[in-house]
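Take a look at the letters that make up each chain.
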Amino acid sequence: MGIKNFGTGTPKFNEGIIVSGSLPQLYVSGNININANVEPGIQFQIGNEDRSKLSVNTSNNLVIHNQYINKHIVFKVNDQGNTRE
């Protein structure tokens, strides 16, 4: 299907944007603004199961929520070419 470029302006979609297929990828050049009246967030799923969520709660805290049982939140950094946790 290839790359679809909406060009300049602000396209509006009543039901959101759905990306699907064998390799669903959404490339964004520039900024992404997530705006909601209550607790805007990004939900991560694998096989339609909630795994983690990044959000801002009503107290204006950044929330990193691991929704999978008995798993950790891991931060990785590049330390002079070596990946460290």
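Residues numbered from 1 in each chain as written. Predicted model: local features only at pLDDT ≥ 70, side-chain atom pairs only at ≥ 80, totals over all residues. Heavy atoms only, no water.

Engineer: Help me understand the overall build of the chain, please; the structure alone is not making it clear to me.
Structural biologist: Tallying secondary structure elements over the chain gives zero helices and five strands in all. Starting at the N terminus, the α and β elements of the chain follow one another as β-β-β-β-β. Of all 85 residues assigned to the chain, the portion counted as buried reaches 1%. Here the contacts in the chain between residues at least 6 apart in sequence split such that 2% fall between residues at least 24 apart. (Helix = DSSP H or I, 4+ residues; strand = E, 2+ residues; numbered from the N terminus. Buried < 20%, exposed > 50% of the residue type's maximum accessible area, 1.4 Å probe, protein only. Contact = heavy atoms within 4.5 Å.)

Engineer: Just to check I follow, could you spell out the environment of glutamine 43 for this structure?
Structural biologist: Mapped onto the elements of the fold, glutamine 43 is located in strand 1 (residues 41-46). Along the backbone, glutamine 43 and lysine 53 are 10 residues apart, and their C-alpha atoms lie at a distance of 4.6 Å. In terms of polar contacts, glutamine 43 uses its side chain to reach the side chain of glutamine 67, at 2.6 Å. (Polar contact = N/O pair within 3.5 Å; in protein donor to acceptor, adjacent residues only side chain to side chain.)

Engineer: Just checking my understanding: could you explain the sheet that holds strand 1 for this structure?
Structural biologist: Taken in spatial order, the three strands line up as 1-2-3 in an open sheet, and their pairing is antiparallel. Single-partner strands in this sheet number two, and they are strand 1 and strand 3 (62-66). Ignoring strand direction, the axes of neighbouring strands in this sheet form an average angle of 10°. Sheet analysis places strand 2 (residues 49-56) next to strand 3, joined by five bridges and oriented antiparallel. Bridging from a neighbouring strand, serine 52 pairs with asparagine 66 of strand 3. (Pairing = 2+ DSSP bridges. Axes fitted to C-alpha atoms, helices over the stretch in contact; angles between N-to-C directions.)

Engineer: Sorry, what's going on with the side chain of serine 55 here?
Structural biologist: Within the secondary structure, serine 55 sits in strand 2. Accessibility expressed as a relative area gives 8% for serine 55, which makes it buried. When sequence neighbours within four positions are dropped, the list of residues in contact with serine 55 reads Pro40, Gly41, Asn61, Leu62 and Val63.

Engineer: Even after reading the chapter, I still don't get a nonpolar patch on the surface, so can you show me in this structure?
Structural biologist: Together, Leu26, Val28, Ile32, Ile34, Ile42, Phe44, Leu54, Val56, Leu62, Ile64, Ile73 and Phe75 make up an exposed nonpolar region whose accessible area comes to about 1100 Å². Elements with a minimum of two residues in the nonpolar patch: strand 1, strand 2 and strand 3. By secondary structure assignment, the location of valine 28 is in the segment before strand 1. With a relative accessible area of 45%, valine 28 lands in the partly exposed category. (Patch = residues over 30% accessible without salt bridge, like charges linked within 9 Å, V, L, I, M, F, W, Y side chains within 5 Å. Areas by Shrake-Rupley, 256 points an atom, 1.4 Å probe, with all protein chains shown as cover. Salt bridge = Lys/Arg side-chain N within 4 Å of Asp/Glu carboxyl O.)

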